[in-house]
Amino acid sequence: MRKVVSEAWLRDEIAAHMSDPVWDSKSFAARPVRCRREGDGPNWRYSFNPAAVPKGFAERWKKVWPKFEVFDMADDQPGW
């Protein structure tokens, strides 16, 4: 069973693990967003365009992803 967490917690934890001194968070940001569950995966995805991210970002996400795929995002957002 997946642990249910808030979008804010997930966003902050991912940001802490993705941080890199060369990435300026003022000019680039990505965030977890709720989505339809696919198979037995989580009910969210990390939204960013791989073609528009700083060099190394997508590769870093591939390494960080396993730590966060065990979470579901809570239904605490309006409209869900």
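Residues numbered from 1 in each chain as written. Predicted model: local features only at pLDDT ≥ 70, side-chain atom pairs only at ≥ 80, totals over all residues. Heavy atoms only, no water.

Engineer: Explain the overall build of the protein to me, please; I cannot follow it from the model alone.
Structural biologist: Of the regular secondary structure elements, the protein holds two helices and four strands. Secondary structure elements of the protein occur, N-terminal to C-terminal, as β-α-β-β-α-β. Burial status across the protein gives 34% buried among its 80 residues. Counting contacts in the protein only where the partners sit at least 6 residues apart, residues at least 24 apart contribute 70% of the total. Accessible surface, the protein: about 5,600 Å² in total, of which carbon and sulfur atoms supply 52%. (Helix = DSSP H or I, 4+ residues; strand = E, 2+ residues; numbered from the N terminus. Buried < 20%, exposed > 50% of the residue type's maximum accessible area, 1.4 Å probe, protein only. Contact = heavy atoms within 4.5 Å. Areas by Shrake-Rupley, 256 points an atom, 1.4 Å probe, with all protein chains shown as cover.)

Engineer: Would you mind showing me how to read the pattern of salt bridges here?
Structural biologist: Two side chains carrying opposite charge are able to pair once their charged atoms lie near each other. Applying the stated rule across the entire model yields six salt bridges. When the shortest N-O distance is used, the salt bridge between Arg2 and Asp72 registers 4.0 Å. One end of the pair, Arg2, is in the segment before strand 1 (3-5); the other, Asp72, is in strand 4 (residues 71-73), with 70 residues separating them in the sequence. Among the ionic pairs, Asp75 bridges to Arg34, the shortest N-O distance being 2.4 Å. Placement of Asp75 in the segment after strand 4 and of Arg34 in strand 2 (residues 31-34) is noted, with a sequence separation of 41 residues between them. Taken together, the shared-partner salt bridges in this structure form one network comprising Glu7, Arg11, Asp12 and Arg31. (Salt bridge = Lys/Arg side-chain N within 4 Å of Asp/Glu carboxyl O.)

Engineer: Help me understand the packing of helix 1 (residues 7-18) against helix 2 (residues 57-68) in this model?
Structural biologist: Two packed helices can be described by the angle between their axes and the distance between those axes. Between helix 1 and helix 2, the shortest axis-to-axis distance is 10 Å and the interhelical angle comes to 130 degrees. In terms of their interaxial angle, helix 1 and helix 2 are classed as oblique. At the point where helix 1 passes helix 2, the crossing takes the right-handed sense. Contact residues: helix 1 offers Leu10, Glu13, Ile14, His17 and Met18, while helix 2 offers Phe57, Arg60, Trp61, Val64, Lys67 and Phe68. When its residues are assigned to classes, the contact of helix 1 with helix 2 shows seven nonpolar, one polar and three charged. (Axes fitted to C-alpha atoms, helices over the stretch in contact; angles between N-to-C directions. Parallel < 35°, antiparallel > 145°, perpendicular 65-115°, else oblique. Left-handed = near helix turned anticlockwise from the far one by under 90°. Nonpolar A, V, L, I, M, F, W, Y, C, P; charged D, E, K, R; others polar.)

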